[in-house]
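Summary of the model geometry
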Amino acid sequence: MNLREAVRIALRGLRANRLRSLLTMLGIIIGVSAVIFLVAIGNGVQSSVNEKIQPLANLITIVPSTGDIPGGAAPKDLIDADVAALADPSLSGKIAAVIPAISGKALAETNDYRFRAGIVGSTERWLDVNNQDLSAGSFFDAAQVRSAARVVVLGPSVATYLFGDDPAVALNRTVRINRQSFRVIGVMQTVGEPGDSAAVMPLSTVRRYVFGGGDKVNQIIVQAAQANAVPAAENDVIRILSDRHRIKDPANRDFEVQSLRSRLDTFNQILHILTLFTAAVAAISLFVGAIGVLNIMLVSVTERTREIGIRKAIGATRRAILEQFLIESLVLAGLGGVIGILVGVGLSLLGAAVAPAFGPTFATFAPAVTISSVVISFGISLAIGLIAGGYPANRAARLRPIEALRFQ
Amino acid sequence: MLQLEDLTKIYRMGKVEVRALHGVDLTIDDGEMVAIMGPSGSGKTTLMNILGCLDAPSSGRYLLDGTDVSRLSDNKLAKIRSKKIGFVFQSFNLVSRTTAIRNVELPLVYAGVRSRRNPARLALEQVGLGDRQKHMPNELSGGQQQRVAIARALINDPAILLADEPTGNLDTVASAEILKLLGALNDAGRTVVIITHEAEVASFAKRIVRMRDGHIVSDQVQRNRTGATA
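A few points on the structure. All values derive from a computational prediction rather than experimental measurement. (Residues numbered from 1 in each chain as written. Chains lettered and ligands numbered in written order. Predicted model: local features only at pLDDT ≥ 70, side-chain atom pairs only at ≥ 80, totals over all residues.)

1. Side note on the overall build of chain A
Rule in force here: Under the scheme used here, helices are H or I runs from DSSP no shorter than 4 residues and strands are E runs no shorter than 2 residues, and both carry numbers assigned from the N terminus. Only C-alpha atoms enter the radius of gyration, while the globule expectation follows 2.2 Å times N to the 0.38, with N the number of residues. Working definition of burial: number of other C-beta atoms within 10 Å of the residue's own, with buried at 20 or more, exposed at 12 or fewer, and partly exposed in between, all C-beta atoms being placed from the backbone. Two residues qualify as a contact pair if the distance between their C-beta atoms, derived from the backbone, is within 7 Å.
Within chain A, the secondary structure is distributed over 14 helices and twelve strands. Taking 408 residues into account, the globule formula puts the C-alpha radius of gyration at 22 Å, and chain A, at 34 Å, lies well above it. Taking all 408 residues of chain A together, 40% fall into the buried category. Restricting to contacts in chain A with at least 6 residues of sequence separation, those with at least 24 account for 81%.

Quick look at the structure:
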């Protein structure tokens, strides 16, 4: 007897009990689709978060340490010369850009309203290094930074509060900060607080008209050449600043260096474990499905004892009977696996389609089906067919023909 | 040719031993039509199971076409059943939810024959069911089902056709048709062994072997066989 014939006999056996076959498969279908869908969601969350954070992952933030170091030298401020040293390519090859910033709080006023905004003074590259976009107008340019132009780019909360919902209305209007007038040249898109409550101006403008403060900066953002150069760039930053501030002992550093990269790695690890955990929970339903297949195959063998006797009487060998029942359970589990994959992928696509309806946070969220989850869950369903079918099939094959024929 | 030499079959039921066959000697030549008769418990079903290679004897020899099949493995017995033996059962034993023609094809499947449709169709035509190929067993009358079973038994051209109470579940008319069919097959040269407890059925055979308590008590040739055509 060849395999094709065995498959045909097995299929006929399954078709004869359509509802029962379908219900048995349902266990596998639910298990496989749950594994695929849940893993896809986990991956979707991971890649959506990474997508948002990745552009910022090569950023290193340097802020001055607050407070005196007991027994140490008086902490030095970060100043323009520090910025220039960091930007010097002869000191570090890993640094692509250096953006100084000073920040503080100040009232932003129109004739009718006043808003306590976070004032940021920086260079023309601030917007793009922070991966932010404008909803209206433009950002200030290098010339405006050099000339300390009296221009301001508003965060969306500020613009809405002062000028209403339409960002375009705010353009070219005047905002008073520290009793000085500034022209609104752009409105930023939302990034969440506190960024939405910020008003960004050229560094020189803030120094001259708002906070003063000479050559001090509150914050230096260093952009590493690549995301994977972040640790090296971080080391360079520490070396350059320690040299400039004459610090030998790391405990005495008067600045702090932070990068998002390491936090992102931690986050990814946690998410990975969570994804594995949910997949494991889904795999339990696959296990329950396996018991369903075993159960049905045992019933099927008992119910068809007489048929097995007939087949043996007319010449079926043990192997032929074994094959028949094994293929039946393999088809049952394999077909369940394929349908489960289709359902799982379908659910994932559906999830991607409806996710944006849940708000802007989910705009970039899309469950991502991984090949490995598909391959593994299909492999497991085949293994279920083999194992859950093997025992009943073996029992059927060993039946003695006279006893099987006598079975009612 | 079938030869049984001093064949014994003992069943063990717990601690009790039941002797179903006591030293049976029997030879059936090619082309014979033999009825094995006896009341229930006489050992005729045990004999039939051994003749059909469904069961192995406890001692003695069983030569089928010269080969001793009394000590063969499961697998070899399956091959012998496939090639040399055709079964007809009292309860037809067709595979349910499977069309007549597929039932007839089954022995060919297990014998590894590739072209099956035509021989199966011919076999069904031979038993007068050429127009019932696609019918399921439950759509056929008892007589028709038994004819499908006979077609199935013949498909591998077996050395011997074993019929166990072939008319036990049939009415008089259908019984007569089946027996006539078996007679015709024998006339065409097929060896036929019928196991029965009905004298009427046995009267179709050329030779009647009577059994009682595991022994053969008489073995006689019938001259005036009912329904004989030759």
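Next comes the rest of the description.
2. Considerations on the overall build of chain B
A count of helices and strands for chain B gives seven helices and ten strands. Relative to its length of 230 residues, chain B is compact, with a C-alpha radius of gyration of 17 Å against a globular reference of 17 Å. A principal-axis box enclosing the C-alpha atoms of chain B has dimensions of 50 × 40 × 35 Å. When each of the 230 residues of chain B is scored for burial, the buried share is 48%. A fraction of 66% describes how many contacts in chain B between residues 6 or more apart in sequence connect residues 24 or more apart.

3. Looking at the packing of helix H10 (residues 260-303) of chain A against helix H12 (residues 318-354) of chain A
Residues and elements named next belong to chain A. Stated formally: Think of each axis as a best-fit line through the C-alpha atoms, taken over the contacting stretch in the case of a helix, with angles from 0 to 180 degrees between the N-to-C directions. By the definition used in this description, the sense in which the near helix is turned from the far one sets the handedness, with an anticlockwise turn below a right angle giving left-handed and a clockwise turn giving right-handed. Classes in brief: Ala, Val, Leu, Ile, Met, Phe, Trp, Tyr, Cys and Pro nonpolar; Asp, Glu, Lys and Arg charged; the others, Gly included, polar.
Their axes nearest at 11 Å, the elements H10 and H12 cross at an angle of 145°. In terms of crossing hand, the pair formed by H10 and H12 is right-handed. For the pair H10 and H12, contact is made by Val 293, Met 297 and Val 301 and by Phe 325, Ser 329, Leu 332 and Ala 333, respectively. Taken together, the residues of the contact of H10 with H12 break down into six nonpolar, one polar and no charged.

4. Structural notes on the interface of chain A and chain B
Each partner contributes residues to the interface: chain A has 15 residues there, and chain B has 19 residues. Where the side of chain A that touches chain B is concerned, the elements lending two or more residues are helix H1 (3-16), helix H11 (305-313), H12 and helix H14 (401-406) of chain A. When residues in the side of chain A that touches chain B are grouped by element, the largest group, four residues, is from H11 of chain A. Per-class residue counts for the side of chain A that touches chain B are nine nonpolar, two polar and four charged.

5. Points about the packing of H10 of chain A against helix H13 (residues 371-398) of chain A
Residues and elements named next belong to chain A. The following threshold applies: Any angle that falls under 35 degrees is termed roughly parallel, while one over 145 is termed roughly antiparallel, one within 65 to 115 roughly perpendicular, and all others oblique.
Following both chains from N to C, one finds H10 and H13 inclined at 25°, their axes separated by 9 Å at the closest point. Considering their axes alone, H10 and H13 lie roughly parallel with respect to each other. Where H10 crosses over H13, the handedness of that crossing is right-handed. Residues Leu 286, Gly 289, Ala 290, Val 293, Leu 294, Met 297, Leu 298 and Val 301 of H10 pack against Ile 380, Ile 384, Gly 385, Ala 388, Gly 389, Pro 392, Arg 395 and Ala 396 of H13. Looking at the contact of H10 with H13 residue by residue, the classes come out as twelve nonpolar, three polar and one charged.

6. Topic: helix H2 (residues 74-84) of chain B
Residues Leu 77, Ala 78, Ile 80, Arg 81, Ser 82 and Lys 84 of chain B constitute the buried set of H2 of chain B. Where H2 of chain B is buried, its residues meet H11 of chain A together with strand S4 (59-64), strand S6 (85-88), helix H3 (100-111) and strand S7 (160-164) of chain B.

7. Brief notes about the nonpolar core
Defined as follows: In this description, a nonpolar core means buried residues of the types Ala, Val, Leu, Ile, Met, Phe, Trp, Tyr and Cys, linked to one another by C-beta atoms lying within 7 Å.
One finds Ala 151, Leu 162 and Val 193 of chain B to be the most contacted residues of the largest nonpolar core, which totals 120 residues. Look past the residues within four positions of Ala 151 of chain B in its chain and what remains in contact with it is Val 104, Ala 123, Leu 124, Gln 126, Val 127 and Leu 129 of chain B. Among the nonpolar cores identified, the runner-up in size contains 56 residues, and Ile 95, Trp 126, Ala 159 and Ala 198 of chain A belong to it.

8. Considering the sheet that holds strand S1 (residues 2-13) of chain B
Residues and elements named next belong to chain B. For clarity, the threshold we go by: Note on pairing: DSSP must find at least two bridges between two strands before they are called paired.
On the basis of which strands lie adjacent, the open sheet formed by four strands has the order S2-S1-S4-S5 and antiparallel pairing. At either end of the open sheet lies a strand with only one pairing partner, and these are strand S2 (16-28) and strand S5 (67-68). Pairing of S4 with S5 involves two bridges; the strand directions are antiparallel. Of the residues in S5, the one forming a bridge with Leu 64 is Thr 67.

9. Focus on the environment of Leu 77 of chain B
Residue and element names in this part refer to chain B. Looking at the secondary structure, you find Leu 77 in helix H2. Judged by the 21 C-beta atoms lying within 10 Å of it, Leu 77 falls in the buried class. Sequence separation between Leu 77 and Asp 55 is 22 residues, and the spatial gap between their C-alpha atoms is 9.0 Å.

10. Side note on the environment of Ile 178 of chain B
All names here are of chain B. Locating Ile 178 in the fold gives a position in helix H6 (residues 172-187). Separated by 172 residues in the primary sequence, Ile 178 and Asp 6 have C-alpha atoms spaced 33 Å apart. Once you skip the residues sitting within four places of it in the chain, Ile 178 turns out to touch Gly 143, Gln 146, Pro 166, Thr 167 and Leu 170.

11. Details of the pairing of strand S10 (residues 215-221) of chain B
Residue and element names in this part refer to chain B. The pairing of strand S9 (residues 207-212) with S10 spans six bridges and is antiparallel. The residue bridging Arg 207 from the neighbouring strand is Val 221, located in S10. From the end of S9 to the start of S10, which pair antiparallel, there are two residues, and Asp 213 there has a positive phi angle of about 50°.

12. Some remarks on the sheet that holds strand S3 (residues 33-37) of chain B
Residue and element names in this part refer to chain B. Within the open sheet, the six strands sit side by side as S6-S7-S8-S3-S9-S10. Their pairing is mixed. What marks the edges here is a single partner per strand, and that holds for S6 and S10. In this sheet, adjacent strand axes meet at a mean angle of 20° when their direction is disregarded.

13. Considerations on helix H3 (residues 80-87) of chain A
All names here are of chain A. Stated precisely, the cut-off is as follows: An arc is given here, and it is the one of the directions from the helix axis to the C-beta atoms.
All of the buried residues in H3 are Asp 82, Val 83 and Leu 86. When H3 is viewed along its axis, its buried side chains cluster within an angular range of 100° and face the same direction. With respect to the buried face of H3, the exposed residues turned more than 90 degrees away are Ala 81 and Ala 84. Its buried side turned inward, H3 meets strand S2 (78-79), strand S3 (95-109), strand S10 (216-217), strand S11 (219-224) and helix H9 (230-245).

Taken by themselves, the reported measurements are silent on function.
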